[in-house]
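Below are the chains, spelled out letter by letter.
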Amino acid sequence: MRTANSSGGGADEKGVIEGVLSRHGHDATRLMQILREVQEGLGWLSPSILTAIADGAKLPRARVEGVAGFYHFFHTEPLGRYRVLWSDNITDRMQGNADLMARMCKKLWLKAGNVSEDGLVSVDTTSCTGMCDQGPAILVNYRPITRMTPERVDKVVDLIRRQVPLAEWPAEFFLVEDNIRRKDALLSHDLAPGDALRALKSPQDVLEAVKASGLRGRGGAGFSTGQKWEFCRNAPGTGSSPAHYVVCNADEGEPGTFKDRVLLSSCADLVFEGMTIAGYVIGAKKGLVYLRGEYRYLMEPLNEVLQRRRAANLLGKSVLGQIGFDFDIEIHMGAGAYICGEETALLESLEGKRGVPRKRPPFPVTSGFLGQPTAVNNVETLAAAALIAAKGAAWYKTLGTAKSTGTKVLSISGDCARPGVYEYPYGVTVAQVLADCGARDTQACQIAGASGLCIAPAEFGRRIAFEDIPTGGSFMIFDNSRDMFEVARNFAHFFVHESCGFCTPCRVGTTLLKNGMDKIHEGHGGEYDINDIWRIIRTLKTASHCGLGQTAGNCVADTLQKFRPSYELRLNVHEFEPAFDLDKALSKMREVTGRDDPGAHFHIAHRKSKSGIGTKAGDEA
Amino acid sequence: MNASTSAPKRKLKVATTSLAGCFGCHMSFLDIDERILDLIELIEFDRSPLTDIKHCSTDCDIGIIEGGVCNAENVHVLHEFRKNCKILIAIGACSINGGLPAQRNSLDIRDILAAVYAQPGRGVHIPNDPEIPLLLNEVHPLHEVVKIDYFLPGCPPSGDAIWKFLTDLLAGRTPSLGHGLIHFD
Ligand SMILES: Cc1cc2nc3c(=O)[nH]c(=O)nc-3n(C[C@H](O)[C@H](O)[C@H](O)COP(=O)(O)O)c2cc1C
Ligand code: SF4
Ligand code: SF4
Ligand code: FES
């Protein structure tokens, strides 16, 4: 490892950059992978490194810097040889991450968000890392360490202080468990690698089967998979290198979701087989997995699975000896941007750009990766498609409900005895799920993540299904001891962090929403602020460019309706009160003029308390 | 606006002021030209640079404020308006966003004063006469200090925009500017 302050363009720097660039054929569309690999080699992306990459990939310097600046996991400033990121989802908070992080910072003589003076280490927070069932979790140089405890914090601090290379840290730190608690058709499949491929008939037959099965997308939107594939198959490739592509969406950034991680670690063959089948149907020769940066540690095991499949002729030229059926898969890494789960932002990122959602139409099925017809599907959708190809549509349709056939894999976290992965046929009630995972005294469930739906006990009879509660799989449980206002406030902060900044309603609206929630939290809120929050939520929903902004206010809206007292108990103000302390706003002038007479103060009783206690003297002087 | 209604209604009291602004918004207000004669049938001006009345009556209906809040005096005036006006309107970019005066927010006010009042060879003498209002650490838009009911954007908003806004308001309609007055494409 190199020291954090060297940026001088030494021989090793040139060598590393040139090596990475030539490995990627100096291809500008591979910029994401180039930046990541260079950063892994050199520690950070200094100005001279960015220039060298821009030159090598024949890109404008500003493009390269723009991409490097967009992603949370790329750094254009040195952030220490050890970069520690604490996952800061509400479930991590509930498991006590704040105290643990404070402990770590104290032991390292460090303020969160800063780099130590010797350039050794930085400590900061990051959005949900997908370890919600085994948190609190951290990433050290983008490798997850789960189940943090005070003892584990002390050990990590010691290892950092002694500058032990990450490769020599105790293996048990990095243990990520699957925690599969309930298996159904998908997780208990008995298919050997290649079984589904061997069952393939003509592409048209497979397409008909997928359509007949009623399979709908598991990534959130629930679009018919058969229809998506048909549109894509019928769309012609264009330009000088016409092609079709399959993309597996493994960005899994929705707070509280981790089922794709488990599918990729326990059923990778089935997922890859689903991609191969999708390629067979739509006529693609290439599949790309977009794997979130937080799952960097899965890259090597997944590449091993791919190698095995190539060796078994399940990938590559003439798959299973069938002339003309060529298909291979490559894994691309994301770099810490939730928005890249949105399929068009994902495609931008795959092409080496900032993850800003595209305008639609055209939809990816006609103009996706590199402008070619592309089927983007969630990990779980693809695995289910493989299952259907092997076992038939008729069998699959016996599972689930009329409009939601098959099963759904849920990621369950929060207040329950057995967090983990649970697979159910569609139609299961929330109450059933809660009983199975050992949840007690539950006051709320947040289903489908921060952008999803918050439901109260009166609704626990509702069902997980497209016709009632659709979900990508996130299922967070909050018992009676939790403060639902804080849950919503945590999500409001999440969206500020993850807004891509492209459109004003979302870029500004998410921040205004956060400010409103923080103001109420600080005890300065009144009915005025609640009204203001409703207005902002409306604007976010109706004026944002993509799903992120449109759903960013959902949780605040739901909790305002269903857990209103958690807000009201914090409202201190009849009319209106500033979010800041007016009298303190004169502090600097008092200092430089030496004045402290009554004229140098506002005589406004300003509440200092954060609770409902305190005196209110009105905001008039 | 057609001011010839039969029974004379009570005239609404309107107060206006400029805080940390340039008076451009007030000048633009005067760009409603002769329509001010129609307006004056419906309203009477209370505290305002136009009347030189120094304090708001306790029963003002509408307060119109240009400029943001940059010093203690601004805070007191703003509180007086809020206390005495049923409806408060923030007019112009400065009142809504802080505008040009808020450019100083990226600097520390102590550094600014030290630079401005440094006299070669004689050190720094920052005026501290009690008559001179103390500056706030930062310039704030109005709505961060009191509740504001309506926002009329522009730098300055045009006379036509101000006219449309006020006539809507006086007729009991939620003001709506729309094409040509607030956006142009
Ligand atoms: C802000 C946002 C984030 C998303 N994140 C994901 C994600 O992490 N994984 C995913 O599969 N789909 C995600 N989606 C949905 C995708 O855009 C797309 O609908 C999905 O990948 C299609 O696959 P499916 O039809 O198999 O569900 C997201 C959508 C939005 C608007
Ligand atoms: S809604 Fe938010 S995330 Fe989506 S494009 Fe606009 S700024 Fe980006
Ligand atoms: S908004 Fe423009 S015209 Fe109005 S006070 Fe500010 S600078 Fe002057
Ligand atoms: S340039 Fe568009 S908001 Fe500033």
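Residues numbered from 1 in each chain as written. Chains lettered and ligands numbered in written order. Predicted model: local features only at pLDDT ≥ 70, side-chain atom pairs only at ≥ 80, totals over all residues. Heavy atoms only, no water.

Undergrad: What should I look at first to understand the packing of helix H9 (residues 203-213) of chain A against helix H10 (residues 225-234) of chain A in this one?
TA: Helix packing for two helices is described by the angle between their axes and how far apart those axes are. All names here are of chain A. It is at 7 Å that the axes of H9 and H10 come closest, and there the two elements cross at 145°. Pair H9 / H10 crosses with left-handed handedness. Of the residues in H10, those in contact with Pro-203, Gln-204, Leu-207, Val-210 and Lys-211 of H9 are Thr-225, Gly-226, Gln-227, Trp-229, Glu-230 and Arg-233. Looking at the contact of H9 with H10 residue by residue, the classes come out as 4 nonpolar, 4 polar and 3 charged. (Axes fitted to C-alpha atoms, helices over the stretch in contact; angles between N-to-C directions. Helix = DSSP H or I, 4+ residues; strand = E, 2+ residues; numbered from the N terminus. Left-handed = near helix turned anticlockwise from the far one by under 90°. Contact = heavy atoms within 4.5 Å. Nonpolar A, V, L, I, M, F, W, Y, C, P; charged D, E, K, R; others polar.)

Undergrad: What exactly am I supposed to notice about the nonpolar core here?
TA: One recurring pattern in soluble globular proteins is that nonpolar side chains are buried together. A:Leu35, A:Val38, A:Ile53, A:Tyr71, A:Ile339, A:Val556 and A:Tyr567 are the most contacted members of the largest nonpolar core, which has 79 residues in total. Here the element with the most residues in this core is helix H18 (residues 484-498) of chain A; it accounts for 8 residues. (Core = buried A, V, L, I, M, F, W, Y, C linked by side-chain atoms within 4.5 Å. Buried < 20%, exposed > 50% of the residue type's maximum accessible area, 1.4 Å probe, protein only.)

Undergrad: Can you help me understand the pairing of strand S11 (residues 420-425) of chain A in this one?
TA: Walk down a regular strand and you will see the side chains alternate between the two sheet faces. All names here are of chain A. Burial analysis of S11 places 5 of its 6 residues in the buried class, which makes it a mostly covered element. Relative to S11, strand S5 (residues 180-182) runs parallel, the two being bridged by 2 bridges. By the bridge assignment for S11, Arg-182 is matched with Tyr-422. Sheet analysis places strand S10 (residues 407-414) next to S11, joined by 6 bridges and oriented antiparallel. When the sheet's bridge partners are listed, Ile-412 is paired in S11 with Gly-420. Counting the residues between successive antiparallel strands, the hairpin from S10 to S11 contains 5 residues. (Pairing = 2+ DSSP bridges.)

Undergrad: Which parts of the structure should I look at to understand unusual backbone geometry?
TA: Glycine aside, residues mostly have negative phi, and peptide bonds are mostly found in the trans state. Backbone torsion omega between A:Arg360 and A:Pro361 reads -5°, so that peptide bond is classified as cis. On the secondary structure map, A:Pro361 appears in the loop between helix H14 (343-350) and strand S9 (374-378). Going from B:Cys155 to B:Pro156, the amide bond is cis rather than trans, its omega being -10°. One non-glycine residue, A:Trp109, lies in the positive phi region at around 55°. In this structure, A:Trp109 sits in the loop between helix H6 (97-107) and strand S2 (121-126). Positive phi, close to 45°, is recorded for A:Ser318, a residue that is not glycine. Here A:Ser318 is to be found in the loop between helix H13 (299-311) and strand S8 (328-333).

Undergrad: Could you clarify how one ought to interpret the site of ligand 2 in this entry?
TA: For ligand 2, the set of nearby residues contains 13 residues, the closest of which are A:Cys500, A:Phe502, A:Cys503, A:Cys506 and A:Cys546. When the residues that make up the shell around ligand 2 are grouped by side-chain class, the tally is 8 nonpolar, 5 polar and no charged. (Near = heavy atom within 4 Å.)

Undergrad: What's the story with the pattern of salt bridges in this structure? I'm lost.
TA: Residue and element names in this part refer to chain A. The full count for this structure, using the stated rule, is 59 salt bridges over all chains. Notably, a salt bridge pairs Arg-23 with Glu-37, separated by 2.5 Å at the nearest N-O pair. In this pair, Arg-23 sits in helix H1 (residues 11-23) while Glu-37 sits in helix H2 (residues 31-42), placing the two residues 14 residues apart along the sequence. Of the charged contacts, one joins Arg-296 and Glu-300 as a salt bridge, the two residues approaching to 3.1 Å between their closest N and O atoms. One salt-bridge network, held together by shared partners, links Arg-23, Arg-36, Glu-37, Glu-40, Arg-296 and Glu-300. (Salt bridge = Lys/Arg side-chain N within 4 Å of Asp/Glu carboxyl O.)

Undergrad: Can you walk me through the site of ligand 3 in this structure?
TA: Taken together, the residues surrounding ligand 3 are B:Gly21, B:Cys22, B:Gly24, B:Cys25, B:Glu66, B:Gly92, B:Ala93, B:Cys94, B:Gly154, B:Cys155 and B:Pro156. Per-class residue counts for the shell around ligand 3 are 6 nonpolar, 4 polar and 1 charged.

Undergrad: Is there a simple way to explain the interface of chain A and chain B in this structure?
TA: Interfaces are often described in size by the accessible area the parts lose on coming together. With 23 residues of chain A in contact, the opposing surface of chain B contributes 27 residues. Together chain A and chain B conceal approximately 2300 Å² of surface at their shared face, both sides included; 67% is due to carbon and sulfur atoms. If you sort the residues of chain A by the area they bury against chain B, A:Lys588, A:Met589 and A:Arg595 come out on top, with a joint share of 26%. If you look at where chain A meets chain B, you find 2 salt bridges. (Buried area = accessible area lost by both parts, 1.4 Å probe.)

Undergrad: Is there a simple way to explain a nonpolar patch on the surface in this structure?
TA: All names here are of chain B. A cluster of nonpolar residues, Phe-23, Met-27, Leu-30 and Leu-50, forms a patch on the protein surface that exposes about 370 Å² of accessible area. Along the chain, Phe-23 turns up in the loop between strand S1 (12-18) and helix H1 (24-30). A relative accessible area of 41% places Phe-23 in the partly exposed class. (Patch = residues over 30% accessible without salt bridge, like charges linked within 9 Å, V, L, I, M, F, W, Y side chains within 5 Å. Areas by Shrake-Rupley, 256 points an atom, 1.4 Å probe, with all protein chains shown as cover.)

Undergrad: Before we go on, may I ask you to explain the environment of A:Leu387 in this structure?
TA: Residues and elements named next belong to chain A. Relative to the elements of secondary structure, Leu-387 occurs in helix H15 (residues 379-391). Among the residues examined, Leu-387 registers a relative accessible area of 1% and is labelled buried. Ignoring sequence-local partners within four residues, the contact set of Leu-387 consists of Ala-185, Leu-186, His-189, Leu-191, Gly-392 and Trp-395.

Undergrad: Please explain the sheet that holds strand S4 (residues 143-145) of chain A as it appears in this structure.
TA: All names here are of chain A. Taken in spatial order, the 4 strands make up an open sheet running S2-S1-S3-S4, and their pairing is mixed. Each edge of the sheet is formed by a strand with only one pairing partner; in this case those strands are S2 and S4. Within this sheet the neighbouring strands show an average axis-to-axis angle of 25°, counted without direction. In this structure, strand S1 (residues 82-87) lies alongside strand S3 (residues 138-140), joined through 3 bridges in antiparallel fashion. When the bridges of S3 are listed, Leu-85 appears paired with Leu-139.

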